[in-house]
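# Fold and geometry: a report
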Amino acid sequence: MHALLENLHRDHVNLDRLLELLESHLNAFYSGEESDFDLIIELLEYLECYAELVHHPTEDLIFEAALDRSGDKRPTLEKLMGQHKTLVELTRKFRQSMEGVIQGAVMTREELEIEGREYIALQRLHLDTEEGEIFDFLDDCLDEPEWRRIEESAPKYDDPVFGERDPDRFRILYRYLFEHQSAE
Ligand SMILES: [Fe+2]
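Residues numbered from 1 in each chain as written. Predicted model: local features only at pLDDT ≥ 70, side-chain atom pairs only at ≥ 80, totals over all residues.

## Observations regarding the overall build of the protein chain
Test applied: In this text, helices come from DSSP runs of H or I with a minimum length of four residues, and strands from runs of E with a minimum of two, each type numbered from the N-terminal end. Throughout, the radius of gyration refers to the C-alpha atoms, and the reference size of a globule is 2.2 Å times the residue count to the power 0.38. Comment: burial labels come from other C-beta atoms within 10 Å of the residue's own C-beta, placed from the backbone, where a count of 20 or more is buried, 12 or fewer is exposed, and between is partly exposed.
The helix and strand tally for the protein chain stands at six helices and zero strands. Put simply, the protein chain runs from its N terminus to its C terminus through helices and strands in the order α-α-α-α-α-α. What you see for the protein chain is a C-alpha radius of gyration of 18 Å, in line with the 16 Å of a compact globule of 184 residues. Along the first, second and third principal axes, the C-alpha atoms of the protein chain reach 50 × 35 × 25 Å. The buried share of the protein chain, reckoned over its 184 residues, is 21%.

So, in structure tokens, the structure goes:
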């Protein structure tokens, strides 16, 4: 598999881990247990930032390059590109809902639970479609000059949690992942 797709696949593995973490903390919150809101909000901030700056723009470049030769995959590629925008908006919206809870906003636990579960379900559906239906096809579809051209225009921003970490951002999330890595 091309290195760019390998990187995106690695992002998906990380995303999968973060969605599980998010889901388990939200489940605790939904059932009335004490929850680490700072961790949840920082995790959502990271998902929003990295997806918007790097992960989705890179996928969009690849999907667009393959679009004219995608045949019956074309509707799926177009749907995934649309979901990239929706997912960033939903991440922001859900983060704002969680921040609202801390600030005493009137939103029931049930409303938050529905929003959170729908958000996680769409993230997983999106990720599974890319991994299960699209990545192998893209690997066969594009040739070396096309990959080089995509690589040149892809964002170069490093992953601030799983890559060269940013010392000033995502400290709570980074520490949590670091402390829990050996338990997995
Ligand atoms: Fe993706």
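## Brief notes about unusual backbone geometry
Despite not being glycine, Phe170 has its phi angle at roughly 60 degrees, a positive value. Turning to its location among the elements, Phe170 is positioned in the loop between α5 (144-153) and α6 (171-180). Residue class for Phe170 comes out buried when judged on the 20 C-beta atoms lying within 10 Å of it.

## As for the packing of helix α1 (residues 3-30) against helix α2 (residues 37-66)
So the rule is basically this: Angles shown run from 0 to 180 degrees and are taken between the N-to-C directions of axes, each axis being a line fitted to C-alpha atoms and, for helices, limited to the stretch in contact. Between 65 and 115 degrees an angle is taken as roughly perpendicular, under 35 as roughly parallel, over 145 as roughly antiparallel, and anywhere else as oblique. By definition, any crossing whose near helix is turned counterclockwise from its far helix by less than a right angle is left-handed, and any crossing with a clockwise turn is right-handed. Here contacts are defined at the residue level, using C-beta atoms placed from the backbone and a cut-off of 7 Å between them. Side-chain classes follow a simple rule in which Ala, Val, Leu, Ile, Met, Phe, Trp, Tyr, Cys and Pro form the nonpolar group, Asp, Glu, Lys and Arg form the charged group, and the remainder, Gly included, forms the polar group.
The contact between α1 and α2 brings their axes to 11 Å, and the two run at 155 degrees. Comparing their axes, α2 and α1 come out roughly antiparallel. Note that α1 runs across α2; the crossing there is left-handed. Seen from α1, the contacting residues are Leu4, Leu8, Asp11, Leu18, Leu21, Leu22 and His25; seen from α2, they are Leu39, Ile40, Leu43, Leu47, His55, Thr58, Glu59 and Ile62. Here the residues of the contact of α1 with α2 are counted per class, giving ten nonpolar, three polar and two charged.

## Considering the confidence of the model for the protein chain
As a reminder, the rule being used: Scored between 0 and 100, pLDDT is the confidence that the predictor attaches to each residue.
Confidence in the prediction for the protein chain averages 93 pLDDT; 98% of positions are at 70 or higher. Averaged pLDDT values for the elements of the protein chain fall to 91 in α6 and rise to 96 in α5.

## Structural notes on the nonpolar core
Put simply, the rule is: Here a nonpolar core is just a set of buried residues of the types Ala, Val, Leu, Ile, Met, Phe, Trp, Tyr and Cys, joined wherever their C-beta atoms sit within 7 Å.
In terms of nonpolar packing, the biggest core is built from 19 residues, with Leu43, Leu44, Tyr46 and Leu47 touching the most fellow members. Among the elements of the structure, α1, α2 and α3 (74-102) are those that each provide at least two residues to this core. By residue number, the principal contributor to this core is α2, which donates seven residues. Filtering out sequence-adjacent residues up to four positions away, Leu47 remains in contact with Leu18 and Thr91. In this structure, Leu5, Leu8, Ile62 and Leu80 belong to the second largest nonpolar core, which totals nine residues.

## Here's the deal with helix α4 (residues 109-141)
What counts, and what does not: Given the number of residues in a helix, its expected span is that number minus one, multiplied by 1.5 Å.
When the terminal C-alpha atoms of α4 are compared, their 46 Å separation across 33 residues agrees well with the 48 Å that a helix rising 1.5 Å per residue should span. Turning to α4, its buried residues are Gly116, Tyr119, Gln123, Glu130, Ile134 and Leu138. Where the residues of α4 are buried, they touch α1, α2 and α3.

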